[in-house]
Amino acid sequence: METKRTVYADNAATTAMSKTAIDAMLPYLDKVYGNPSSLHSAGQAAKEALEAARADVAACLGAQPNEIYFTSCGSESDNQAIRSAAHTGALKGKKHIISTAFEHHAVLHTLERLKKEEGFEITYLDVHSNGVVKAEEVKAAIRPDTCLVTIMYANNEIGTVQPIREIGAVCREAKVTFHTDAVQAVGHIPVNVVEDNIDMLSLSAHKFHGPKGIGALYCRKGIRLLPFIDGGAQERNKRAGTENIAEIVAMAAALKEACANMAENSARLVKMRDRIVAELSKIPHSKVNGDMTRHLPGTINMCFEGIEGEGLLLHLDDKGICASSGSACTSGSLDPSHVLLAIGLPHEVAHGSLRLSLCEYNTEEDADRIIKAVPEVVEYLRNMSPVWKEMERGELPHII
Amino acid sequence: MALYSEKVMDHFRNPRNVGEIPDADGIGEVGNARCGDIMKIYLKIENDVIVDVKFNTFGCGSAIASSSMATELIKGKPLSQALELTNKAVAEALDGLPAHKMHCSVLAEEAIRAAIKDYYDKNGIEYDKSQFPEHDEDEEIHE
């Protein structure tokens, strides 16, 4: 049997490191290995690399270098930003936070803990059936005791991009701190913290071909940031722990590369994405999730009625295609994805979801293989699905 | 370690006894689409022996594999033996299931019981009702 190249279409989960990032990283493992806190030349060489990386990351976001704090991942950035803004607000008696129902769990679980353990009140805004928050609804939800609005830049499952600039403007006007989890956006679509009126922003390197285990938090000058890990004076006393220089350098290199090639990559991906969506939409009783006019270039989320997502993923994997699903069985819980439920999909439909997330390493041949494989697997699974058969016999109504 | 055993993957990739029996003597359907699992089992019965069995399943990999294995375990067996099939036996025959997937094997056991009960009911055959505990319809809604 011919061994085919694996079609990796799960880039929203994680990406391969770019050669640029790997090359940038390697010297910092065994050549420039000093501790940036050391005074000697080996330490100072590392310190220089650290600050150069900080300047590069800042430049990619339109920020100042002293507004960038390196963290271990996007989740840590989310945790620190939200807790810091919440605790700063609580000192002034402000204990109300606005967010949405389809945030990443790093945000949702942090908010739920603040609610349960510290008595914060959380308003979760509707994300509507198109998966887009409305800035005027953010405005309407702001109260005198609101200390934080945290809304993701782009959704990780359905790929919808939020009106961040408008939301930021609303928050700036109301003098409420605005944090955005931009883990899926940075490196993929233009993000500028100044133009977008952002106070705090989380990013993660492994979503744009950098290494896993490294992220950053942007915190605008003038916004108070509380320390998250106590210890040494690293990261201007806000995040103790010896800096992960090799990964910080690799993250900066990956981000610079992603931003330099963004327009070109994005144009190619949008074409590939739209071709796949058009072809897979020919599958009867299928549905594309999320507003495709406000969308990440490489993300596709679809539901196929009458089947369950895990079986779809396993069969696609057998055909050499790596994808993802929001079905309950793939989440390890018995409920399907909170994101798909938040856009109003019934459980039955949400179980049959498929997420394909492309990157610039995917080829048109990859797209061809996806376009061929998905309908085959959907048909195969429908042929053994009692739900599908009852729908086809008219005993159960089709939902989509 | 992979999520599933080789046995599970074999039965998922090459499920045995997939299909429907148009003139089935007993049909059992259990589960709930809301929870992402529905199993439907068709039995052909002659002289209290399961001479043929088919299934249709909407569900994850382990639900499909559990259906396949369960049908293999009861095919050609007398009804009395099929009624003794436990979910544990199905899971063991598959070389184990992950803890959060054990309910798939429970569904397989229940689907077989439901199909046998359907056969008894249709044919007015007396049976020990304690062998067929009533399942609350909402039981499968894990909320």
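Keep in mind the model is a prediction, meaning the values are calculated, not measured. (Residues numbered from 1 in each chain as written. Chains lettered and ligands numbered in written order. Predicted model: local features only at pLDDT ≥ 70, side-chain atom pairs only at ≥ 80, totals over all residues. Heavy atoms only, no water.)

Let us now look at the overall build of chain A. Looking only at helices and strands, chain A has 15 helices and twelve strands in total. Considered along the principal axes of its C-alpha atoms, chain A spans approximately 75 × 55 × 35 Å. Sorting the 400 residues of chain A into buried and exposed places 58% on the buried side. In chain A, once contacts between residues fewer than 6 apart in sequence are set aside, the share between residues at least 24 apart is 72%. Taken as a whole, chain A presents about 15900 Å² of accessible surface, with 54% of it coming from carbon and sulfur. Positive and negative side-chain charges of chain A, numbering 42 and 52 respectively, have mean locations separated by a distance of 4 Å. (Helix = DSSP H or I, 4+ residues; strand = E, 2+ residues; numbered from the N terminus. Buried < 20%, exposed > 50% of the residue type's maximum accessible area, 1.4 Å probe, protein only. Contact = heavy atoms within 4.5 Å. Areas by Shrake-Rupley, 256 points an atom, 1.4 Å probe, with all protein chains shown as cover. Lys, Arg positive; Asp, Glu negative; His and termini not counted. Charge placed at Lys NZ, Arg CZ, Asp CG, Glu CD.)

Each partner contributes residues to the interface: chain B has 28 residues there, and chain A has 25 residues. With both chains or domains summed, chain B and chain A bury close to 2200 Å², and 60% of this area falls on carbon and sulfur atoms. On the chain B side of the contact with chain A, B:Phe12, B:Arg34 and B:Phe58 bury the most area, a combined 26% of that side's loss. The interface formed by chain B and chain A holds five salt bridges in total. (Buried area = accessible area lost by both parts, 1.4 Å probe. Salt bridge = Lys/Arg side-chain N within 4 Å of Asp/Glu carboxyl O.)

Turning to the side chain of B:Asn87, a few remarks are in order. Position of B:Asn87 relative to the elements: it lies in helix H4 (residues 87–93). By relative accessible area, which is 19% here, B:Asn87 ends up buried.

Our focus in this paragraph is the sheet that holds strand S2 (residues 37–46) of chain B. All names here are of chain B. With antiparallel pairing, the three strands of this open sheet are ordered in space as S1-S2-S3. Strands with a single pairing partner mark the edges of an open sheet, and in this sheet they are strand S1 (26–32) and strand S3 (49–58). On average, each strand axis in the sheet is inclined to that of its neighbour by 15°, with strand direction left out of account. The pairing of S1 with S2 spans seven bridges and is classified as antiparallel. Bridge pairing in S2 places Gly-31 opposite Ile-38. The strands touched by helix H2 (residues 61–74) are S2 and S3; relative to S3, the strand with the most contacts, the crossing angle is about 175°. (Pairing = 2+ DSSP bridges. Axes fitted to C-alpha atoms, helices over the stretch in contact; angles between N-to-C directions.)

Residues and elements named next belong to chain A. Burial runs high along strand S6 (residues 177–181): five of the five residues are buried. Neither face of S6 is exposed, since Thr-177, His-179 and Asp-181 on one face and Phe-178 and Thr-180 on the opposite face are all buried. In this sheet, S6 lies alongside strand S5 (residues 146–150) in parallel orientation, the contact comprising three bridges. Bridge pairing in S6 places Leu-148 opposite Thr-177. Taken together, S5, helix H7 (residues 164–174) and S6 form a β-α-β motif whose crossover is right-handed. (Right-handed = clockwise from strand over helix to strand, strands pointing away.)

The subject of this paragraph is the sheet that holds strand S7 (residues 200–204) of chain A. Residues and elements named next belong to chain A. In space, the seven strands of this open sheet follow the order S2-S8-S7-S6-S5-S3-S4, with mixed pairing throughout. Both edges of this open sheet fall to strand S2 (68–71) and strand S4 (121–125), since each of them pairs with a single strand only. The mean angle between the axes of side-by-side strands here comes to 20°, regardless of whether they run parallel or antiparallel. As paired elements, S7 and strand S8 (residues 215–219) share five bridges and run antiparallel to each other. Among the inter-strand pairings, Ser-204 is bridged to a residue of S8, identified as Gly-215. Against the sheet, helix H3 (residues 41–61) touches S2 and S7, its axis set at about 115° to S2.

Right, let's talk about helix H5 (residues 102–122) of chain B for a bit. Residue and element names in this part refer to chain B. Here H5 is 21 residues long and its end C-alpha atoms lie 31 Å apart, about the 30 Å a rise of 1.5 Å per residue gives. Within H5, 15 of the 21 residues are buried, leaving the element largely enclosed by the surrounding structure. With its phi angle positive at about 60°, Gly-124 sits one or two positions after the end of H5. (Expected span 1.5 Å × (residues − 1).)

The subject of this paragraph is the side chain of A:His128. Structurally, A:His128 is set in the loop between S4 and helix H6 (135–141). Setting aside anything within four residues of it in sequence, one finds A:His128 in contact with A:Lys134, A:Glu137, A:Ala342 and A:Ile343.

Before going further, it helps to spend a moment on the environment of A:Glu279. Mapping A:Glu279 onto the fold places it in helix H9 (residues 262–280). For the pair A:Glu279 and A:Val183, spaced 96 residues apart in sequence, the C-alpha separation works out to 29 Å.

Residues and elements named next belong to chain A. One pass over the full model with this rule turns up 36 salt bridges over all chains. Linking Lys-47 and Glu-51 is a salt bridge whose minimum nitrogen-to-oxygen distance equals 3.6 Å. Taken together, the residues span about one helical turn, with Lys-47 and Glu-51 both in helix H3 at a distance of four residues. Look at Lys-47 and you get partly exposed, because its relative accessible area is 32%.

Let us now look at the packing of helix H10 (residues 309–318) of chain A against helix H14 (residues 364–382) of chain A. All names here are of chain A. Running from amino to carboxyl end, H10 crosses H14 at an angle of 130°, the nearest separation of the two axes being 10 Å. As far as their axial angle goes, H14 and H10 are oblique. Along this stretch, H10 crosses H14, giving a crossing that reads as right-handed. In this structure, H10 contributes Gly-311, Leu-312, His-315 and Leu-316 to the contact, and H14 contributes Ala-373, Val-374, Val-377, Val-378, Tyr-380 and Leu-381. Split into classes, the residues belonging to the contact of H10 with H14 amount to eight nonpolar, two polar and no charged. (Parallel < 35°, antiparallel > 145°, perpendicular 65-115°, else oblique. Left-handed = near helix turned anticlockwise from the far one by under 90°. Nonpolar A, V, L, I, M, F, W, Y, C, P; charged D, E, K, R; others polar.)

Here we take up the pairing of S8(A). Residue and element names in this part refer to chain A. For S8, the buried fraction is high: five of the five residues fall into the buried class. The alternating pattern of S8 places Gly-215, Leu-217 and Cys-219 on one face and Ala-216 and Tyr-218 on the opposite face, and all of these are buried. Relative to S8, S2 runs antiparallel, the two sharing four bridges. Residue pairing across strands places Thr-71 opposite Gly-215, the latter belonging to S8.

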